[in-house]
Amino acid sequence: MRDKPDASSYSKQGNIPKSDQRSPKAKFRRECLEGAGSTAVATAAVQALGISTADAAESAISAPSRTAIRLNVNGVSYSVEVEDRWTLVELLRDQLDLTGTKIGCNRSECGACTVLMNGKPVYSCSQLAVWADGADVLTVEGLAQNGRLSPVQQAFIDHNAPQCGFCTPGQLMAATALLNTVPRPDAAQVKQALVGNLCRCSNYNAIVEAVVAAGAQQGGAA
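So, here is what we can say about the structure in this document. (Residues numbered from 1 in each chain as written. Predicted model: local features only at pLDDT ≥ 70, side-chain atom pairs only at ≥ 80, totals over all residues. Heavy atoms only, no water.)

**Let's talk about the overall build of the protein**
Alright, step 1. If you tally the helices and strands in the protein, you get eight helices and five strands.
Alright, step 2. Counting from the amino terminus, helix and strand elements in the protein follow one another as α-α-α-β-β-α-β-β-β-α-α-α-α.
Alright, step 3. The buried share among the 222 residues of the protein stands at 33%.
Alright, step 4. If you take every contact in the protein between residues at least 6 apart in sequence, the share linking residues at least 24 apart comes to 53%.
Alright, step 5. When the accessible area of the protein is evaluated, it comes to approximately 13,600 Å², of which 51% is carbon and sulfur surface. (Helix = DSSP H or I, 4+ residues; strand = E, 2+ residues; numbered from the N terminus. Buried < 20%, exposed > 50% of the residue type's maximum accessible area, 1.4 Å probe, protein only. Contact = heavy atoms within 4.5 Å. Areas by Shrake-Rupley, 256 points an atom, 1.4 Å probe, with all protein chains shown as cover.)

Put into structure tokens, the structure is as follows:
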């Protein structure tokens, strides 16, 4: 049996023999072996994923893919290049500066980001911008015409429907979509149409009254 090496012959870090620490050649050999081991592990991981090393290196530094789209927003035509990962609300707020559309839950629950796309209410936080290619989009900024509020906007004011106001753009857009299809809705129809729009201030009664009044007042499109 070989004698156990004296503890004083080892370094405090990693049990490296002091003889190796004193030898430049031994130190170089260790570094080469450690580097080769790391490279082998990384290469094996890349190959296990079924991609080439060159492709892996390129994908690590490549920019997000982008797509050129065209859409009409509030009667204005736009040709923009968007990142494929952007949502419609990000395009509206960050690129087109239409900040009336709000980001609330950002997961299709609160309705604050509601806009009309091809006449239908959608949660813009859950619509990719590339899906809006060729679409007609209406946001809250497009409701007023020639400096005059739409009937539903005016009714919200008359009936004190807004409280903090954060949910108001989404409520207005959902109400507009309803009034465009049901000119004179009753309270039950309004509640059903706006069920996907939450009001944290719980001002639902005033909101319903405002939409019913808007329909009664203008009897047609919002």
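**Focus on the side chain of Asn203**
Alright, step 1. Position of Asn203 relative to the elements: it lies in the loop between helix H7 (187-193) and helix H8 (204-218).
Alright, step 2. On the basis of relative accessible area, Asn203 is assigned to the buried category, the value being 15%.
Alright, step 3. With residues near it in sequence (within four places) discarded, Asn203 still touches Asn160, Ala161, Pro162 and Gln163.

**Observations concerning the pattern of salt bridges**
Alright, step 1. Tallied over the entire structure, the rule returns four salt bridges.
Alright, step 2. Between Arg66 and Glu81 there is a salt bridge, and its shortest N-O distance comes to 2.9 Å. In this pair, Arg66 sits in strand E1 (residues 66-73) while Glu81 sits in strand E2 (residues 76-83), placing the two residues 15 residues apart along the sequence.
Alright, step 3. Residue classification places Glu81 among the partly exposed positions, given a relative accessible area of 48%.
Alright, step 4. For Glu109, the salt bridge is made with Arg107, and the minimal N-O distance between the two is 3.5 Å.
Alright, step 5. Given a relative accessible area of 45%, Glu109 falls into the partly exposed group.
Alright, step 6. Residue Arg107 is classed as exposed on the basis of its relative accessible area, which comes to 57%.
Alright, step 7. Linked by salt bridges that have partners in common, Arg66, Glu81, Glu83 and Arg85 make up one network. (Salt bridge = Lys/Arg side-chain N within 4 Å of Asp/Glu carboxyl O.)

**Examining H8**
Alright, step 1. The end-to-end C-alpha distance of H8 is 21 Å, a good match for the 21 Å that 15 residues give at a rise of 1.5 Å each.
Alright, step 2. Looking only at H8, the buried set comprises Ala206, Ile207, Val208, Ala210, Val211, Ala214 and Gly215.
Alright, step 3. Close packing links the buried residues of H8 with helix H5 (151-158), helix H6 (168-181) and H7. (Expected span 1.5 Å × (residues − 1).)

**Quick look at the nonpolar core**
Alright, step 1. Of all hydrophobic cores here, the largest spans 23 residues; its most connected members are Val152, Phe156, Leu172, Val190, Leu194, Ile207 and Val211.
Alright, step 2. Elements with a minimum of two residues in this core: H5, H6 and H8.
Alright, step 3. Counting residues per element, this core draws most heavily on H6, at seven residues.
Alright, step 4. If we skip the residues at most four places from it in the chain, Val190 touches Leu178, Pro185, Val208, Val211 and Val212.
Alright, step 5. Residues Leu71, Val73, Leu91 and Val137 belong to the second largest nonpolar core, which totals 18 residues. (Core = buried A, V, L, I, M, F, W, Y, C linked by side-chain atoms within 4.5 Å.)

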